[in-house]
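In case you want the letters, here they are:
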Amino acid sequence: MLRTMISTLALAAVLAGAGCFRAPDAPNVDGRWTEPDYGYTESSLITIANGEQNGDMGDIRGFSAGAEDMSGYGNTYTPSYSNIRLDSVTDSYWVMSSINISGDLAGPAFAPGTHRTFTSGVYEDGEPTVNVVGCSGPEYGNYTFDASGNDVEITVQALPDGARRMDFTVSFHDGTTTHGSFDYRITSEPAGSTRGGI
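Residues numbered from 1 in each chain as written. Predicted model: local features only at pLDDT ≥ 70, side-chain atom pairs only at ≥ 80, totals over all residues. Heavy atoms only, no water.

J.: Explain the nonpolar core here, please?
T.: One finds Ile99, Leu105, Ile154, Met166, Phe168 and Phe182 to be the most contacted residues of the largest nonpolar core, which totals 33 residues. When residues in this core are grouped by element, the largest group, four residues, is from strand E2 (residues 60-69). Contacts of Ile99, omitting those with residues within four sequence positions, involve Ser82, Asn83, Ile84, Leu86, Val130, Asn131, Val132, Phe168 and Phe182. If you look at the next biggest cluster of nonpolar residues, it comprises five residues, including Cys20, Trp94, Met96 and Cys135. (Core = buried A, V, L, I, M, F, W, Y, C linked by side-chain atoms within 4.5 Å. Buried < 20%, exposed > 50% of the residue type's maximum accessible area, 1.4 Å probe, protein only. Helix = DSSP H or I, 4+ residues; strand = E, 2+ residues; numbered from the N terminus. Contact = heavy atoms within 4.5 Å.)

This is how it looks when you write it as structure tokens:
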């Protein structure tokens, strides 16, 4: 149990510390178009839909847009760790939220009706954590803001057919606040059994 928690926290720390990893099909900071290796792959166990983001992040103020999920660079689920990535892209800005969750997203800690606030850097033995890394800038893959949120408030609600919706509000060190939501379904274990009714 302790080893699992340490591994989960280590993975979360690595991904959270990665900051604004390069978006797919966007150039590196030095302009080279090479495919990065992030050390993790797309999971078929979680499906994300109906993502939305609004609010303020860095220099991007008063935004409101739908969000695509960037498969292969996020949207990963295991019973001890999940990552959901939402990208909102328009002609004038790009806003990305990478939601890192330690603990079982299909378990009781994230059951419908959950309403909880998580503080970045605060860990309690056996308790889940939620951290959001935010990136924003004038265009897709070109960021002028890269920060981990201070506090993340989440609410989980049940949807028809066993799906769930998570709403989140994250506050950043510069005083900006971003709101977002997404629907998700954890479909099955590799053996094909349904997981937690989701």
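Past the structure itself, the notes keep going.
J.: So what exactly am I meant to see when it comes to the pattern of salt bridges here?
T.: Between side chains of opposite charge, pairing is possible as soon as their charged atoms come close. For the structure on display, the rule yields three salt bridges. For Arg85, the salt bridge is made with Asp87, and the minimal N-O distance between the two is 2.6 Å. Among the ionic pairs, Arg165 bridges to Asp183, the shortest N-O distance being 2.7 Å. Of the two residues, Arg165 is situated in strand E10 (residues 164-171) and Asp183 in strand E11 (residues 177-186); the sequence distance between them amounts to 18 residues. The partly exposed category is assigned to Arg165, whose relative accessible area is 25%. (Salt bridge = Lys/Arg side-chain N within 4 Å of Asp/Glu carboxyl O.)

J.: What is the right way to look at the packing of aromatic side chains in this model?
T.: The geometry of two aromatic rings is summed up by the distance between their centres and the angle between their planes. As enumerated under the stated definition, the model contains four aromatic pairs in all. Pairing Trp94 with Tyr140 gives two aromatic rings, centres 5.9 Å apart and planes at 90°, and the pair type is edge-to-face. Note that Trp94 is positioned in strand E5 (residues 94-102) and Tyr140 in the loop between strand E7 (129-137) and strand E8 (145-148), a separation of 46 residues in sequence. On the accessibility criterion, Trp94 (0% relative accessible area) is buried. On the basis of relative accessibility, which here comes to 28%, the residue Tyr140 falls in the partly exposed class. Ring geometry for Phe145 versus Phe172: centroids 5.3 Å apart, planes at 85°, classification edge-to-face. Placement of Phe145 in strand E8 and of Phe172 in the loop between E10 and E11 is noted, with a sequence separation of 27 residues between them. Judged by relative accessible area, Phe172 falls into the buried class, the value being 3%. (Phe/Tyr/Trp six-rings, centres within 6.5 Å; stacked < 30°, edge-to-face > 60°.)

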